[in-house]
Protein chains: 2
Amino acid sequence: MIKRVVIIGAGNLATQLSLALTRKGIQVKQVFSQTLDSVKELAQKVNAEFTNDLSCLMTDADLYIISVKDSAIQEVLQNLSLDKNNLIVHTAGSISMDVLNGYTNNYGVFYPLQTFSKNRETDFSRIPICIEANNPSSLKKLQELAETLSTSVQQVNSEQRRTLHLAAVFVNNFVNHLYVIGSEILLDKKLDFNLLKPLILETVQKIETLPPIEAQTGPAIRNDQAVINAQLRQLQEFPEFQKIYNSMTESIYHIHQKQPNELL
Amino acid sequence: MIKRVVIIGAGNLATQLSLALTRKGIQVKQVFSQTLDSVKELAQKVNAEFTNDLSCLMTDADLYIISVKDSAIQEVLQNLSLDKNNLIVHTAGSISMDVLNGYTNNYGVFYPLQTFSKNRETDFSRIPICIEANNPSSLKKLQELAETLSTSVQQVNSEQRRTLHLAAVFVNNFVNHLYVIGSEILLDKKLDFNLLKPLILETVQKIETLPPIEAQTGPAIRNDQAVINAQLRQLQEFPEFQKIYNSMTESIYHIHQKQPNELL
């Protein structure tokens, strides 16, 4: 049973995961980050010790959660000086579990499929937590820990997790960027972004009752060249938004050409 | 005061607008569509007469709402045989009010900024209804009508409406297509689209508390080339999704380069 955790990292996910574990009575004993300000801030929030030196990590925690940017995981691992039986996980969508092989006998992945902000409290209760481990006892521990946070615990291998992360980039990162573009387009003409919010909300609510392919509307699916060309002209001061408009319009048109008519 | 309306068109917007007007006690007296099946279906829903012949339109309605695809508006107008004092509006985001000039002395636009489906009932109460008219008395009538449906009635000129429609294409049509892509990517690996729903929901909920530019996360904003290149390889069987990935990634990176650091 996991009761004492060390968090390596102090970013958005590290912060929200530390807070969620603490709320469930699991002790975050120590947090590490190279950035002293960040690690102090997080340590204070969860009443933990902090360090910016990996050689100062406590060695008797039940679990070490590496939640740093993907490109820093290897460096963290190379500088850990833990016991070979310590359970270590990372939280990265796109990084294989095998990256942990050789550093300990017990390892895995603990990937909550969600977007996190430092200052927006995350409710983990319905977030799919995707877990993977290199042996049954580690898997069982991670399963129990995940179940204290969420009702949606998923055993997912590294390839499936990579796929989920790719899809997440489209439905979160790119969707959010479309909101940015919407707000930029309106700002440019001094119109209020709030006017778009009922539409943004309905766009999401629709997919609770309709598969997204059936919810598609707009000039691209109608192949309405007059509107498409006029809108591309409106975007002439935003060449990057034009590129997005073109790639989206082509893709919408083609994917719906491939669908049976009744879906249109 | 508008009490009796003729609806020209039987698509998604025509259907939901007819239903909403009827619920508020405004009579939809007659509906027109070239497609007899569609117009019969709509007429039945709102207890109206129907026709597929524009020369059979009743001539004494208080308002004629043209809600057909943009490219058909001109043709409808050319075949109307109404009195020169009849009030006529269209509902198109991208079409100037002036298209109605010459066909009647009283005209305008009635543009609800929302996405509509035939079989999903629309609650109009918070939808921005953007109105425009060629004279004060017509504007007053449209304002009163819009206020019976919604608390968010906006006087918007044709250029502003075009801008709103362009932004709407990004935050609705394109966002929905990203949901389609997410579901296609998961389907390809036999993963369940429902796993993405908490993430999709949180992505929207975030913009209630954070401007979207501050909510951005992911490999593009971090300029994480390892993840970006790996994800482009994952998409090799979906060349159109690759194009979208590239155009989004470039745009996210550049727009955030232009923002002050504290927004990152």
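Since the model is a prediction, treat every value here as computed from it, not as a measurement.

Colleague: Requested: an account of the sheet that holds strand E3 (residues 49-51) of chain A, with residues and values cited.
Modeller: Residue and element names in this part refer to chain A. Overall, mixed pairing links the eight strands, which are arranged E3-E2-E1-E4-E5-E6-E7-E8 in an open sheet. Single-partner strands in this sheet number two, and they are E3 and strand E8 (153-155). When strand polarity is set aside, the average angle formed by the axes of neighbouring strands in this sheet is 25°. Pairing of strand E5 (residues 87-90) with strand E6 (residues 106-112), which is carried by four bridges, proceeds in the parallel orientation. Counted as the bridge partner of His90 is Val109 from E6. Against the sheet, helix H2 (residues 36-46) touches strand E2 (27-32) and E3, its axis set at about 170° to E3.

Colleague: Account for the sheet that holds strand E5 (residues 87-90) of chain B, with residues named and values stated.
Modeller: Residue and element names in this part refer to chain B. The sheet built from eight strands is open, its strands ordered E3-E2-E1-E4-E5-E6-E7-E8 with mixed pairing. The two strands at the open ends of the sheet, each matched to only one other strand, are strand E3 (49-51) and strand E8 (153-155). Between one strand axis and the next, the sheet turns by 25° as a mean value, whatever way the strands run. Of the strand pairs in this sheet, strand E4 (residues 63-66) and E5 are connected by three bridges, and their pairing is parallel. Opposite Ile65, over in E5, you have Val89 as the bridge partner. Lying on the sheet, helix H1 (residues 12-23) is in contact with strand E1 (4-8), strand E2 (27-32), E4 and strand E6 (106-112); it crosses E1 at an angle near 170°. In the packing of helix H2 (residues 36-46) onto the sheet, contacts are made with E2 and E3, and the angle to E3 comes to roughly 170°.

Colleague: Quick one: what's the story with the pattern of salt bridges, residue by residue and with numbers?
Modeller: Residue and element names in this part refer to chain A. Within this structure, the stated rule accounts for 18 salt bridges over all chains. Between Asp60 and Arg4 there is a salt bridge, with its nearest N and O atoms 3.2 Å apart. Taken as a pair, Asp60 in the loop between E3 and strand E4 (63-66) and Arg4 in strand E1 (residues 4-8) lie far apart in primary sequence, 56 residues in all. You can call Arg4 partly exposed: its relative accessible area is 23%. The salt bridge involving Glu41 is made with Lys45; its shortest N-O contact spans 3.7 Å. Of this pair, Glu41 and Lys45 are both found in helix H2, four residues apart, which corresponds to roughly one turn of the helix. Judged by relative accessible area, Lys45 falls into the partly exposed class, the value being 35%.

Calculation criteria
Residues numbered from 1 in each chain as written. Chains lettered and ligands numbered in written order. Predicted model: local features only at pLDDT ≥ 70, side-chain atom pairs only at ≥ 80, totals over all residues. Heavy atoms only, no water. Pairing = 2+ DSSP bridges. Helix = DSSP H or I, 4+ residues; strand = E, 2+ residues; numbered from the N terminus. Axes fitted to C-alpha atoms, helices over the stretch in contact; angles between N-to-C directions. Contact = heavy atoms within 4.5 Å. Salt bridge = Lys/Arg side-chain N within 4 Å of Asp/Glu carboxyl O. Buried < 20%, exposed > 50% of the residue type's maximum accessible area, 1.4 Å probe, protein only.

Note that all results are geometric; they support no functional claim without further evidence.
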